[in-house]
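# Observations on chain architecture
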Amino acid sequence: MTITGARVIVACPGRNFVTLKIETDQGIYGIGDATLNGREKAVVAYLEEHVIPCLLGRDATRIEDAWQFLYRGAYWRRGPVTMAAISAVDVALWDIKGKAAGLPLYQLLGGASRSGVLVYGHASGASIEQAVDAVGRYVAMGYKAVRVQSGIPGVRGAYGIDRGDLSYEPADAALPSETLWSTPAYLDFAPKLFQRVREVHGFDIELLHDAHHRLTPIEAARLGKSLEPFRLFWLEDPTPAENQEAFRLIRQHTVTPLAVGEVFNSIHDCRELIQNQLIDYIRCSVVHAGGITQLRQIAGLAALFQVRMGCHGATDLSPACMGAALHFDLWAPNFGIQEYMRHTQATDELFPHAYVFKDGCLHPGDAPGIGVDIDEKLAAKHPYQAKQLPIARLADGTMWNW
Ligand code: KDG
Ligand code: MG
């Protein structure tokens, strides 16, 4: 089966998505997500200028060889732009292979290890009471696990808070908007938030929290310790993970489980944290970590050290990424949980999909391939809009980690 065409589709149904579509001489096509939030055009250029010309005429069934060709062959390895482009090719080729075989992707990987994929939703509010109410709405929808974020007094634009009834979309302006951060205010506030959530909702629901790379190692240790009575499923990105040794310090002080990986793009980013058992969940996404082909290897490495998978699934990853992730999750023996920040109706319409939510779990469905398509006519009605992620500063103007 020969690749006869490949093109990049950029659409903005409220937020930008970059999708690669690969066509073959047998009339079968596949799609893959290539979205890199706030840096979308860089991946578009990488695909159009450097990758697509190499795909034309290749054998569409040789997924591993295509991956190695694009990774080794570029000479310049890794990095979010390169790896998002490789991921898109990889997933589109897995989609084609599944369609050609008449099988859903999870069957190609080895079949289902479970009946459904446990997901967590995003509850947030401007205040503790609003966040507590939001958790209640997720419980009412059937969720068994919920991430909780709240506005913090004295912090302008705290991370992860919905604006009105819009779902949380941080990339909100052509130039980065500015938020204000205060670690002392946050560290005093976070235990009060989780105490109240447990008082109202009890311990039958799993709770998660994202510190979004904002703490130093010793601050992260303090946070993990102060949240122990509230039994978090995980504390995510407590400190920036470039310095992986830092997690040893956090581990010495707290048994709150740790999750890291949404900004990783290579198995080499994960290796030290996993083999030193410094984390409990590895959160790489299909789109930013080299597609199904590399994510499988990450899962294999993690399984050796009892680290479980918890794929990133924010709404800046398209339904094409979510579909691929769900097949992976249904198979992965060491699956933990999948983030599921619901897409808007406009996005769901643009990407018709087979996955369904029931009883706190998603199932990828049994459509051949990844079970997600793109409506190109609709895509043409949603042209690209420049949008970047916000930045964070301290009160004295110092740049901080957003
Ligand atoms: O593009 C950045 C978002 O994907 C990120 O801020 C979301 O941290 C996030 C999460 O855990 O969903
Ligand atoms: Mg996160």
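The next point concerns the sheet that holds strand β15 (residues 391–393). The three strands are arranged β6-β15-β16 in an open sheet whose pairing can be described as mixed. The sheet is open, and its two edges are formed by β6 (178–180) and β16 (399–400), each paired on a single side.

Attention shifts here to unusual backbone geometry. Where the residue is not glycine, phi is negative for most of them; where a peptide bond is considered, it is trans in most cases. Look at Y75: it is not a glycine, yet its phi comes out positive at around 70°. The topology assignment puts Y75 in the loop between α2 (63–72) and α3 (80–101). For Y75, a relative accessible area of 62% gives the class exposed.

Next up on the list: the nonpolar core. Note on soluble globular proteins: their nonpolar side chains tend to be buried together. Formed by 122 residues in total, the largest nonpolar core has its most connected members in I22 and I282. It is α3 that contributes the most residues to this core, eleven residues altogether. Both of domain 1 (3–104) and domain 2 (108–368) provide at least three residues apiece to this core. Not counting the four nearest positions on each side in its chain, I22 is found in contact with I3, G5, A6, I28, Y29, G30, L55, V89, A92, L93 and I96. Core analysis: the second largest hydrophobic core is formed by eight residues, Y120, A145, A259 and Y281 among them.

Glancing now at the pairing of strand β2 (residues 17–24). Where burial is concerned, most of β2 is hidden: seven out of the eight residues are buried. With eight bridges connecting them, strand β1 (residues 3–11) and β2 associate as antiparallel partners. Residue pairing in the sheet places V10 in a bridge with V18 of β2. Connecting the antiparallel pair β1 and β2 is a turn made up of five residues, with G14 showing a positive phi of about 105°. With five bridges joining them, β2 and strand β3 (residues 29–33) adopt antiparallel strand pairing. Bridged to E23 within β3 is Y29. Linking β2 to β3, which pair antiparallel, is a turn of four residues; within it G27 sits at a positive phi near 80°.

It is worth spelling out the domain arrangement of the protein chain at this point. Its domain assignment divides the protein chain into domain 1 (3–104) and domain 2 (108–368). Between domain 1 and domain 2, the C-alpha centre-to-centre distance is 26 Å. In this complex, domain 1 contributes 32 residues to the contact, which on the side of domain 2 involves 36 residues. When the two sides are added together, the surface that domain 1 and domain 2 hide from each other amounts to roughly 2,700 Å², 62% of it contributed by carbon and sulfur. Ranking the residues of domain 1 by area buried against domain 2 places D33, W94 and P104 at the top, with a combined share of 23%. Viewed at the interface, domain 2 and domain 1 are joined by two salt bridges. D269 is the partner of R78 in a salt bridge, and the nearest nitrogen-oxygen pair spans 3.0 Å. Counting across the domain 1 and domain 2 interface gives 13 residue pairs in polar contact (both at pLDDT 80 or more). Taken together, the elements giving at least two residues each to the side of domain 1 that touches domain 2 come down to β2, β3, α2 and α3. The dominant element in the side of domain 1 that touches domain 2, judged by the number of residues it contributes, is α3, at twelve residues. Its residues assigned to classes, the side of domain 1 that touches domain 2 comprises 17 nonpolar, seven polar and eight charged.

It is worth spelling out the coordination of the magnesium ion (ligand 2) at this point. Distances from the magnesium ion (ligand 2) to its protein donors, D210 (OD), E236 (OE) and E262 (OE), fall at 1.9 to 2.2 Å. Note on D210: relative accessible area 2%, which makes it buried. Given the relative accessible area of 12%, E262 is considered buried.

With that settled, consider the packing of helix α5 (residues 128–141) against helix α6 (residues 183–201). Where α5 meets α6, the closest approach of the two axes is 10 Å, and the angle between their N-to-C directions is 40°. One element, α5, and the other, α6, form an angle in the oblique class. Regarding α5 and α6, the two cross each other, and that crossing is right-handed. Between α5 and α6, the contacting residues are I128, E129, A131, V132, V135 and G136 on the first element and F189, K192, L193, R196, V197, V200 and H201 on the second.

What counts as what
- Residues numbered from 1 in each chain as written.
- Chains lettered and ligands numbered in written order.
- Predicted model: local features only at pLDDT ≥ 70, side-chain atom pairs only at ≥ 80, totals over all residues.
- Heavy atoms only, no water.
- Pairing = 2+ DSSP bridges.
- Helix = DSSP H or I, 4+ residues; strand = E, 2+ residues; numbered from the N terminus.
- Buried < 20%, exposed > 50% of the residue type's maximum accessible area, 1.4 Å probe, protein only.
- Core = buried A, V, L, I, M, F, W, Y, C linked by side-chain atoms within 4.5 Å.
- Domains from an automatic or database assignment.
- Contact = heavy atoms within 4.5 Å.
- Buried area = accessible area lost by both parts, 1.4 Å probe.
- Salt bridge = Lys/Arg side-chain N within 4 Å of Asp/Glu carboxyl O.
- Polar contact = N/O pair within 3.5 Å; in protein donor to acceptor, adjacent residues only side chain to side chain.
- Nonpolar A, V, L, I, M, F, W, Y, C, P; charged D, E, K, R; others polar.
- Donors = N, O, S within 2.8 Å, 3.2 Å for Na, K, Ca; no water.
- Axes fitted to C-alpha atoms, helices over the stretch in contact; angles between N-to-C directions.
- Parallel < 35°, antiparallel > 145°, perpendicular 65-115°, else oblique.
- Left-handed = near helix turned anticlockwise from the far one by under 90°.

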